[in-house]
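In case you want the letters, here they are:
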Amino acid sequence: MRSFVVATAGHVDHGKSALVRALTGIEPDRWEAERRRGLTIDLGFAWTTIDVGGTEAEVAFVDVPGHERFLGNMLSGLGPAPVVCFVVAADEGWSAQSSDHRDAIAALGINRGVIAITKTDREEADVAAVTQQVRAELRRTGLAQAPVVPVSAKTGTGLEALREALGEVLAAGALPDPGGRIRLWIDRAFSIAGAGTVVTGTLTQGTVRAGDELELVTGRGRSRVAVRSVQHHEHEISVASPVSRIALALRGVAASEVTRGDVLLTPGAWWSTRAIDVRVDLDEHGDTPRLPEKVLAHLGSAAIPARVRPLGGDGSRHARLILSDETSPDLPLTRGDRLVLRVPGGQRPLTGALVLDADPPALTRRGDARRRAEALATDPGGPPDMRREVLRRGAVCIDHLRLLNLLEPAVPDGVLTVEGWLVAEERLDQWRRELRESVAADHARDPLAGGVTFGAIGAAFDLPTPALIPMIAEQDGLEQDGRRVRIRQQTKALGPAERSVATLEARLAASPFDAPDANDLAALRLGARELAAAERAGRLLRLDGAVVLLPDAPERATRILAELPQPFTTSEARQALGVTRRVAIPLLEHLDAIGGTHRIDGSHREVRSSPRHPS
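Chains are numbered independently. Their residues run from 1 in the order of the written sequence. Local features in this predicted model are restricted to residues whose pLDDT is 70 or higher, and side-chain atom pairs enter the listing and the counts only when it is 80 or higher, whereas totals over whole chains, interfaces and linings include all residues. Water and hydrogen atoms play no part in the side-chain values, which are based on all heavy atoms of the structure.

## Here's the deal with the packing of helix H1 (residues 16-24) against helix H6 (residues 159-171)
Filter applied, for reference: Axes here refer to lines fitted to C-alpha atoms; in helices the fit is confined to the stretch in contact. Angles between the N-to-C directions go from 0 to 180 degrees. Labels follow the DSSP assignment, with helices taken as runs of H or I lasting at least four residues and strands as runs of E lasting at least two, numbered in each case from the N terminus. Any angle that falls under 35 degrees is termed roughly parallel, while one over 145 is termed roughly antiparallel, one within 65 to 115 roughly perpendicular, and all others oblique. A contact between two residues is defined here by any heavy atoms of the two lying within 4.5 Å. In this classification, the charged set is Asp, Glu, Lys and Arg, the nonpolar set is Ala, Val, Leu, Ile, Met, Phe, Trp, Tyr, Cys and Pro, and all remaining amino acids, among them Gly, are polar.
Contact pair H1 / H6: the axes reach a minimum separation of 11 Å and the direction vectors enclose 90°. By the angle class used here, H1 and H6 are roughly perpendicular. Listed contacts from H6 to Leu19, Ala22 and Leu23 of H1 are Leu159, Leu162 and Arg163. For the contact of H1 with H6, the residue count by class is five nonpolar, no polar and one charged.

Here's what the structure looks like:
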């Protein structure tokens, strides 16, 4: 059987609880003080069955308090609810908290519901006038076209019509995703003998089963908990599907460690953050409300302290919210979330805000806030736009986009996939131009340098991963050597070292194995940088022990050693080549490494028929 959840809303004493009681037969006021005073203080819960689209379905009601003193509790009930039953009394009409609840509904983006004109049995009731008034007050909200049903909880008049209206509204809604990731905002936590810690909330997407492991986020931190059992409307079930009110018995946490506003998540499926960029709703006059430095941000059943940093100048609708404090865990937020903002301790909502970015860029340079506001102003604020996100970042990990709920089924035009990353072609072209210019400037500054290191490239271009560097460096005129990128040498000229290297080449051409010693190299002013540059240019070969020869020395040596009786000793090789051990040992080890010779034992080698010369 399908299930749905509806929250009530409306001014105190307009008959919300009485209406829920009449529809369900269940008393929603859970506390004795509420029943004694006739005043709802905390959230109440009840349920019934209603025909939805020709099929019987279970509908749960979350009854919220209407008094201004309990605004926080009201928002905790409205926050996770997808549908609302807005209640206005026919004998009193629109009242103070009617406006507060209207503003909260608008801020949360709730656009599905039914309007119940209650207490129609009262002598003072004026259904037509109140209906007209309600229509006028709701004209700027998602409930502007919601059905209006006159009803009396006392006499039962209109209850069947209200059931039918609710059924039609619920049937018209989009089906929630049973395979979606779970984010269950907790609205109650308590302990029951035999069951242990029990939490309740509204499951808006995803599926929960007994035995599942979930991640619990509280003010104390994060932990893994196991679901011992699942209850729905006081009956134990094996599987809970959306949208439904559920109670979960948890293993691994004490009831005293959980409170309203904590959240259960699918492990590893949510990006958690403390900073979000938002678009603030306009007020009834079409102006941007001025936000104080500190606000309370209501999301789901949570009320989160937040610091406000305006982005842009006066009139900008965009701000960065820094949520909670540094000792609290980051929170699972995503693009498209709706927040209600209010002044701490205030008795009414201040405004609403739409989350545009749950992973915003750092604002470190002068003018960053203004530039960020300009970028957000062009964001339509609709469904995820993966291309826009990739273009903003230049490159982004696919798994990170999945956590941000920004991953789309198909890779858009202008975006490339590279080793688990999405890269904007436009930015790739820009990085390539900048890299070519940077490497060319480095080469012009010092022709003997070995090129620009991967680390310097990543820092200069703010690359999110070094895995992109080989792709960026794949262009004419550049080459990679290890973890460096340099100009591909079109000539073997070595600038200021040219004369010295040419002198050494002439000496080695006459005596191929007469490797210069340290004094010889110092006299030629050939240090490590000059020798490395000459080796990169293919003009010298450096072996272990600071032995420097011409690149063809291994081939010459192989031919000479092949004339010896095989196998031969190191001493025989040294005598055949006419060199000292300082040169013979590194040269023979190099021949072993490239396959020119094969070492048989500690003192004997033989020449291979086909040595592997490095390309």
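## Remarks on the pairing of strand S23 (residues 351-357)
Note the following rule: Exposure classes here rest on a 1.4 Å probe applied to the protein chains alone. A residue is buried below 20% of its type maximum, exposed above 50%, and partly exposed in between. A pair of strands is labelled paired if DSSP reports no fewer than 2 bridges between them.
Along S23, seven of the seven residues are buried, which leaves the element largely enclosed by surrounding structure. Note that strand S17 (residues 275-280) and S23 share four bridges and pair antiparallel. For Arg279, the partnering residue across the bridge sits in S23 and is Leu354. Sheet analysis places strand S22 (residues 338-342) next to S23, joined by four bridges and oriented antiparallel. In the strand pairing of S23, Leu339 is matched with Ala353.

## Considerations on the sheet that holds strand S6 (residues 148-150)
Sheet architecture is open: six strands sit in the order S2-S3-S1-S4-S5-S6, paired in mixed fashion. The open sheet is flanked by strand S2 (44-52) and S6, the only strands paired with a single partner. Strand-to-strand twist in this sheet, taken as the mean axis angle between neighbours without regard to direction, amounts to 30°. The pairing of strand S1 (residues 3-10) with strand S3 (residues 55-63) spans five bridges and is parallel. Counted as the bridge partner of Val6 is Phe61 from S3. In this fold helix H5 (residues 127-137) packs onto strand S4 (83-89), strand S5 (113-118) and S6, with an angle of close to 145° to the strand it touches most, S5.

## Re the nonpolar core
Note the following rule: As used in this record, nonpolar core signifies buried Ala, Val, Leu, Ile, Met, Phe, Trp, Tyr and Cys residues forming a set joined through side-chain atoms within 4.5 Å.
Residues Ile276, Val278, Leu323 and Leu339 are the most contacted members of the largest nonpolar core, which totals 37 residues. Looking at this core, the element that brings in the most residues is strand S19 (residues 302-310), giving four residues. The residues touching Leu339, leaving out its near neighbours within four places in the chain, are Ala107, Ile276, Val278, Ala297, His298, Leu299, Leu321, Thr351, Gly352, Ala353 and Val355. Core analysis: the next-biggest nonpolar cluster, separate from the first, contains 35 residues, Val501, Leu526, Ala537 and Ala557 among them.

## A few points about a negative patch on the surface
Rule in force here: Patch members must show over 30% relative accessible area and no salt bridge, and they are joined within 9 Å when carrying like charges or within 5 Å when they are nonpolar side chains of Val, Leu, Ile, Met, Phe, Trp or Tyr. Every accessible area reported is derived by Shrake-Rupley at a probe size of 1.4 Å, with residue values counting cover from the shown protein chains alone. One speaks of a salt bridge when a side-chain nitrogen belonging to Lys or Arg is within 4 Å of a carboxyl oxygen belonging to Asp or Glu. The charge count includes Lys and Arg as positive and Asp and Glu as negative, but it does not include His or the ends of the chains. Each charge is placed at NZ for Lys, CZ for Arg, CG for Asp and CD for Glu.
Together, Asp51, Glu56, Glu160, Glu164 and Glu168 make up a region of like negative charge exposed at the surface. Here the negative patch takes three residues from H6, the largest share from any one element. Tracing the backbone through its elements, the reader meets Glu164 in helix H6. On the accessibility criterion, Glu164 (48% relative accessible area) is partly exposed.

## What about the sheet that holds S19?
Pairing is antiparallel in the closed barrel, where six strands are placed in the order S17-S20-S19-S18-S22-S23. Adjacent strand axes in the sheet meet at a mean angle of 45°, parallel and antiparallel pairs treated alike. Across five bridges, S17 lies against strand S20 (residues 318-323) in antiparallel orientation. Counted as the bridge partner of Arg279 is His318 from S20. Strands in contact with helix H4 (residues 96-108) are S22 and S23; relative to S22, the strand with the most contacts, it is inclined by about 140°.

## So, the pattern of salt bridges
Per the stated rule, a full pass over the model turns up 31 salt bridges. Residue Asp281 is joined to Arg338 by a salt bridge in which the shortest nitrogen-to-oxygen separation is 2.5 Å. With Asp281 in the loop between S17 and strand S18 (294-299) and Arg338 in strand S22, this pair connects stretches of sequence that are 57 residues apart. Connected through salt bridges with shared partners, the residues Asp277, Arg320, Asp357, Asp359, Arg372, Glu389, Arg392 and Arg393 form a single ionic network.

## Remarks on the packing of aromatic side chains
Stated formally: Classification of ring pairs rests on two measures: the distance between centres of Phe, Tyr or Trp rings, Trp counted by its six-membered ring, which must be within 6.5 Å, and the angle between planes, read as stacked under 30 degrees, edge-to-face over 60 and tilted in between.
The final tally for this structure, using the stated rule, is one aromatic pair. Summarising the aromatic geometry, the rings of Phe86 and Trp94 are spaced 5.5 Å apart at their centres and angled 5° between planes, so their arrangement reads as stacked. One exposure class covers both Phe86 and Trp94, and it is buried.

## Overview of the pairing of S5
Applied cut-off: With strands facing away from the observer, any crossover in which the path from the first strand over the helix to the second runs clockwise is taken as right-handed.
Among the six residues of S5, six are classified as buried, and the element is accordingly described as predominantly covered. Here S5 shows no split at all, with Gly113, Ile115 and Ile117 on one side and Val114, Ala116 and Thr118 on the other all buried. Judged from the six bridges that link them, S4 and S5 form a sheet pairing that is parallel. Its bridge partner being in S5, Ala89 is matched across the sheet by Thr118. A crossover connection joins S4 to the parallel S5 through H4; in handedness this β-α-β unit is right-handed. Relative to S6, S5 runs parallel, the two being bridged by three bridges. Pairing of Ala116 across the sheet is with Val149, part of S6. Viewed along the sheet, the connection from S5 through H5 into S6 turns out right-handed.

## Some points on unusual backbone geometry
Note: most residues except glycine have negative phi, and most peptide bonds are trans. For the bond from Pro242 to Val243, the omega torsion is -10°, close enough to zero to count as cis. One can find Val243 in the loop between strand S13 (239-240) and strand S14 (244-251). Cis geometry marks the peptide bond from Gln566 to Pro567, where omega comes out at -10°. Relative to the elements of secondary structure, Pro567 occurs in the loop between helix H16 (553-562) and strand S32 (568-569). Of note in this structure, His233 is not a glycine but carries a positive phi near 55°. With respect to the helices and strands, the residue His233 is situated in the loop between strand S11 (221-232) and strand S12 (235-237). A relative accessible area of 9% means that His233 is categorised as buried. Backbone geometry at Asn405 places phi at a positive 65°, although glycine is not the residue there. Tracing the chain through its elements places Asn405 in the loop between helix H9 (398-403) and strand S25 (415-418).

## Brief notes about H16
The condition is simple: Arc definition: directions from the helix axis to the C-beta atoms.
For H16, the full list of buried residues reads Ala553, Pro554, Ala557, Thr558 and Leu561. Along the long axis of H16, the arc covered by the buried residues comes to 135°, so they all point the same way.

## A look at the side chain of Arg335
Test applied: Here a polar contact is recorded for every N or O atom pair within 3.5 Å, except that within protein the pair must consist of a potential hydrogen donor and a potential acceptor, and residues adjacent in sequence are included only if both atoms are side-chain atoms.
Secondary-structure assignment places Arg335 in the loop between strand S21 (331-332) and S22. Judged by relative accessible area, which is 15%, Arg335 ranks as buried. At 3.1 Å, the side chain of Arg335 forms a polar contact with the backbone oxygen of Leu356. Within the structure, Arg335 has its side chain in polar contact with the backbone oxygen of Gly382 (distance 3.4 Å).

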